[in-house]
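Examining the three-dimensional arrangement
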Amino acid sequence: MYDTSTYPHDIRRTNPNYVRAAAVSLGLLADQLPRAVAAGQGEAVSDAIDAALGRITWELTCLTDDLVTSFNGKGGNLPMHATAIRQCAAPLGLATHYLAKAIDQISSHHQFFAPATATQTEPPKDLLPALQRDIEHARNAIYATATQYSTNASLLGSNPTTSTHTPK
């Protein structure tokens, strides 16, 4: 995603170009989540959820690293690490929550989502709308993180030490 030889790990997350690239990447990830779910699509839906959770987990690890670096890192501009990640962890956590709910729904009704060659059963009447709603909530949370990353990239060029209100 970014040339790590020019910007090693400890400073690349404070580079606005890197943060903007992360925003674009998250937007593309959200776009890959299914917009409609039907019988026999268990593998495709599961693959999309797996990819999203893998990326979200990686992003959360990076956010944690930047938080730690903002307090005990070496070099100057430590508040920039906090600016790069501000207000991004909660929406990613929310996306994880909704994707986990989708996993539970799919695994609880495995026969319905199995390929057409397998024995399929009728799903409960409210299964597909609930599953689609959870995936949509996850997508929106990922988009919210991407938007916040874009905002943070702009802030990196301004005053990163300014405190901002954290929504409840």
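Higher on the page you've got the structure.
These remarks concern the structure in this document. (Residues numbered from 1 in each chain as written. Predicted model: local features only at pLDDT ≥ 70, side-chain atom pairs only at ≥ 80, totals over all residues. Heavy atoms only, no water.)

1. Focus on the packing of aromatic side chains
Under the defined criterion, the tally for this structure stands at one aromatic pair. Ring plane angle 80° and centroid distance 4.9 Å describe the contact between phenylalanine 112 and phenylalanine 113, whose orientation is recorded as edge-to-face. Note on accessibility: phenylalanine 112 and phenylalanine 113 belong to one class, buried. (Phe/Tyr/Trp six-rings, centres within 6.5 Å; stacked < 30°, edge-to-face > 60°. Buried < 20%, exposed > 50% of the residue type's maximum accessible area, 1.4 Å probe, protein only.)

2. A word on the packing of helix 3 (residues 42-72) against helix 5 (residues 89-108)
Contact geometry for helix 3 and helix 5: axes closest at 10 Å, N-to-C directions at 150°. Comparing their axes, helix 5 and helix 3 come out roughly antiparallel. As helix 3 packs across helix 5, the resulting crossing turns out to be left-handed. Contacts between helix 3 and helix 5 involve Val45, Ser46, Ile49, Ala52, Leu53, Ile56, Glu59, Leu60 and Leu63 from the first element and Ala89, Leu92, Ala95, Thr96, Leu99, Ala102, Ile103 and Ile106 from the second. The residue makeup of the contact of helix 3 with helix 5, split by class, is 14 nonpolar, two polar and one charged. (Axes fitted to C-alpha atoms, helices over the stretch in contact; angles between N-to-C directions. Helix = DSSP H or I, 4+ residues; strand = E, 2+ residues; numbered from the N terminus. Parallel < 35°, antiparallel > 145°, perpendicular 65-115°, else oblique. Left-handed = near helix turned anticlockwise from the far one by under 90°. Contact = heavy atoms within 4.5 Å. Nonpolar A, V, L, I, M, F, W, Y, C, P; charged D, E, K, R; others polar.)

3. Considerations on the packing of helix 5 against helix 7 (residues 127-155)
Two numbers describe how helix 5 lies on helix 7: the axes approach to 8 Å, and their chain directions differ by 160°. Our classification of the angle between helix 5 and helix 7 gives roughly antiparallel. The hand of the helix 5/helix 7 crossing is left-handed. From helix 5, Pro91, Leu92, Leu94, Ala95, Tyr98, Leu99, Lys101, Ala102, Gln105 and Ile106 reach across to helix 7, where they touch Leu127, Ala130, Leu131, Asp134, Ile135, His137, Ala138, Ala141, Ile142, Ala144 and Thr145. Split into classes, the residues belonging to the contact of helix 5 with helix 7 amount to 16 nonpolar, three polar and two charged.

4. Quick word on the pattern of salt bridges
If you walk through the whole model with that rule in mind, you get four salt bridges. Residues lysine 101 and aspartate 134 are paired through a salt bridge, measuring 3.6 Å at the closest nitrogen-oxygen approach. With lysine 101 in helix 5 and aspartate 134 in helix 7, the pair connects residues that are 33 residues apart, well separated along the chain. For arginine 139, the salt bridge identified is with glutamate 136, shortest N-O distance 3.0 Å. A residue pair is termed a helical-turn pair when its members lie 3 or 4 positions apart in one helix, as arginine 139 and glutamate 136 do in helix 7 at three residues. (Salt bridge = Lys/Arg side-chain N within 4 Å of Asp/Glu carboxyl O.)

5. A look at the environment of isoleucine 85
Residue position: isoleucine 85 is located in helix 4 (residues 79-85). The class of isoleucine 85 is buried, set by a relative accessible area of 11%. When near neighbours in sequence (up to four residues on either side) are disregarded, isoleucine 85 contacts Arg13, Leu63, Asp66, Leu67 and Asn152.

6. Topic: the nonpolar core
Residues Leu33, Leu99 and Tyr149 are the most contacted members of the largest nonpolar core, which totals 37 residues. Elements with a minimum of two residues in this core: helix 2 (16-32), helix 3, helix 4, helix 5, helix 6 (110-113) and helix 7. Top element by residues in this core is helix 7. It accounts for nine residues. (Core = buried A, V, L, I, M, F, W, Y, C linked by side-chain atoms within 4.5 Å.)

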